Amino acid sequence: AQSVSQHNHHVILSEAASLELGCNYSYGGTVNLFWYVQYPGQHLQLLLKYFSGDPLVKGIKGFEAEFIKSKFSFNLRKPSVQWSDTAEYFCAVNTGNYQLIWGAGTKLIIKP
Amino acid sequence: NAGVMQNPRHLVRRRGQEARLRCSPMKGHSHVYWYRQLPEEGLKFMVYLQKENIIDESGMPKERFSAEFPKEGPSILRIQQVVRGDSAAYFCASSRDSTNTGELFFGEGSRLTVL
């Protein structure tokens, strides 16, 4: 069955630290890949997405993600986090229809 | 993205009661999706509806759960005779078209607690 794994359920960092959140999926075909973010008390919103082309994708708020097909990975990165990045981050995969397959999420806490 | 409205935000029910969760999609969107998030798990697809039609309910439990999206008014997710295992966050999303791009717009979720 198709699945998405996010390696860390909780991550705590200090401001200005670098961030990398892991995401791996299991599906051998063509995929569309997404990172969504949910800030405290707010709705889920799209952070960035990959459909095709350059595997390094830039999103909002300084986030980027790299699609490595050979590793079935789509890790999220940010060089220097801020307190306002405290949120829950979800990786999701679409395999060609309207259904998204979601990871369990990573709760990121940034200490001021 | 202020458009997808879900209510109630929090709902507490006792076992055996009914829960009704409402979702008003973004203006101009006629496709609605319901997802459920159990504690410490990712979102799981439940049902996909268009106005007056259920397109795909493959993720819905076979009993006690139903969904509708009438011609007028919000989409409703109805859970009859709730049990403790129904405690979860229920997210609604909408899109303008049936899309495989994943560009869904989400509501803030409805958190159901069953006592």
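Heads up: the structure comes first, above all this text.
Before going into details, it helps to say that this report is about the structure given with it. Throughout this description, residue numbers start from 1 for each chain and increase along the sequence as written. Each chain is given a letter, starting from A, and each ligand a number, starting from 1, according to the order in which they appear as written. Since the coordinates come from a predicted model, pLDDT governs what is reported: local features require at least 70, and pairs of side-chain atoms require 80 or more to be given and counted, while whole-chain, interface and lining totals use all residues. As a rule here, side-chain values cover all heavy atoms of the structure and leave hydrogens and water aside.

Bringing the interface of chain A and chain B into the picture now. How large an interface is tends to be reported as the accessible area lost when its parts come together. Contacts: residue pairs with any heavy atoms within 4.5 Å of one another. Facing 24 residues of chain A, the contacting portion of chain B comprises 25 residues. Buried area between chain A and chain B, summed over both chains or domains, comes out near 1,900 Å², and the portion from carbon and sulfur atoms is 51%. Accessible area that two parts lose when put together, evaluated with a 1.4 Å probe and summed over both, is termed the buried area. Of all residues in chain A, His 43, Tyr 98 and Trp 102 of chain A bury the most surface against chain B, accounting for 33% of the area lost on that side. What makes a salt bridge here is a side-chain nitrogen of Lys or Arg within 4 Å of a carboxyl oxygen of Asp or Glu, nothing more. Seen at the junction of chain A and chain B, the total is zero salt bridges. Within 3.5 Å is the distance limit for a polar contact, defined as a pair of N or O atoms, with the added protein rule that one can donate a hydrogen and the other accept it, and that residues adjacent in sequence qualify only through two side-chain atoms. In this assembly, chain A and chain B are joined by two residue pairs in polar contact (both at pLDDT 80 or more). Helix numbers and strand numbers start at the N terminus; a helix is a DSSP run of H or I with at least 4 residues, a strand a run of E with at least 2. Secondary-structure elements contributing two or more residues to the side of chain A that touches chain B are strand E5 (32-38), strand E6 (44-50), strand E10 (87-94) and strand E11 (100-102) of chain A. The dominant element in the side of chain A that touches chain B, judged by the number of residues it contributes, is E5 of chain A, at four residues. Charged residues are taken to be Asp, Glu, Lys and Arg, nonpolar residues to be Ala, Val, Leu, Ile, Met, Phe, Trp, Tyr, Cys and Pro, and polar residues to be all remaining types, Gly included. Grouping the amino acids of the side of chain A that touches chain B by side-chain chemistry returns 10 nonpolar, 12 polar and two charged.

Right, let's talk about the sheet that holds strand E3 (residues 19-24) of chain B for a bit. All names here are of chain B. When DSSP finds two or more bridges between a pair of strands, those strands are recorded as paired. Pairing within the open sheet is antiparallel, and its four strands lie in the order E1-E3-E8-E7. With partners counted over all chains shown, the strands left at the sheet margins are strand E1 (5-7) and strand E7 (65-68), one partner each. Strand-to-strand twist across the sheet, computed as the mean angle between neighbouring axes with direction ignored, equals 15°. By the bridge criterion, four bridges tie E7 to strand E8 (residues 75-79) in an arrangement that is antiparallel. Within E8, the position partnered with Ser 66 by the bridge is Arg 78. Geometry is summarised by axes, namely lines fitted to C-alpha atoms with helices restricted to the contacting stretch, and by angles between N-to-C directions that run from 0 to 180 degrees.

So, on to the nonpolar core. Leu 33, Trp 35, Leu 47, Leu 48, Phe 74, Leu 76 and Tyr 89 of chain A are the most contacted members of the largest nonpolar core, which totals 29 residues. Sort the elements by how many residues they give to this core and E10 of chain A lands first, with four residues. What makes a nonpolar core is a set of buried Ala, Val, Leu, Ile, Met, Phe, Trp, Tyr and Cys residues whose side-chain atoms join them at distances within 4.5 Å. Exposure categories follow from relative accessible area, calculated using a 1.4 Å probe and restricted to protein chains: below 20% of the type maximum is buried, above 50% is exposed, and the middle band is partly exposed. Leu 77, Ala 88, Cys 92 and Leu 112 of chain B belong to the second largest nonpolar core, which has 23 residues in total.

On to the packing of aromatic side chains. Residues and elements named next belong to chain A. Side-chain rings of Phe, Tyr and Trp (the six-membered ring for Trp) are treated as a pair once their centres are within 6.5 Å; stacked means planes under 30 degrees apart, edge-to-face means over 60, and tilted covers the remaining angles. Under the definition given, this model contains 14 aromatic pairs over all chains. Considering the side-chain rings of Tyr 50 and Phe 67, the 4.8 Å spacing of their centres and the 40° angle between planes classify their relative orientation as tilted. With Tyr 50 in strand E6 and Phe 67 in strand E8 (residues 64-68), this pair connects stretches of sequence that are 17 residues apart. When its relative accessible area of 12% is taken as the criterion, Phe 67 is described as buried.

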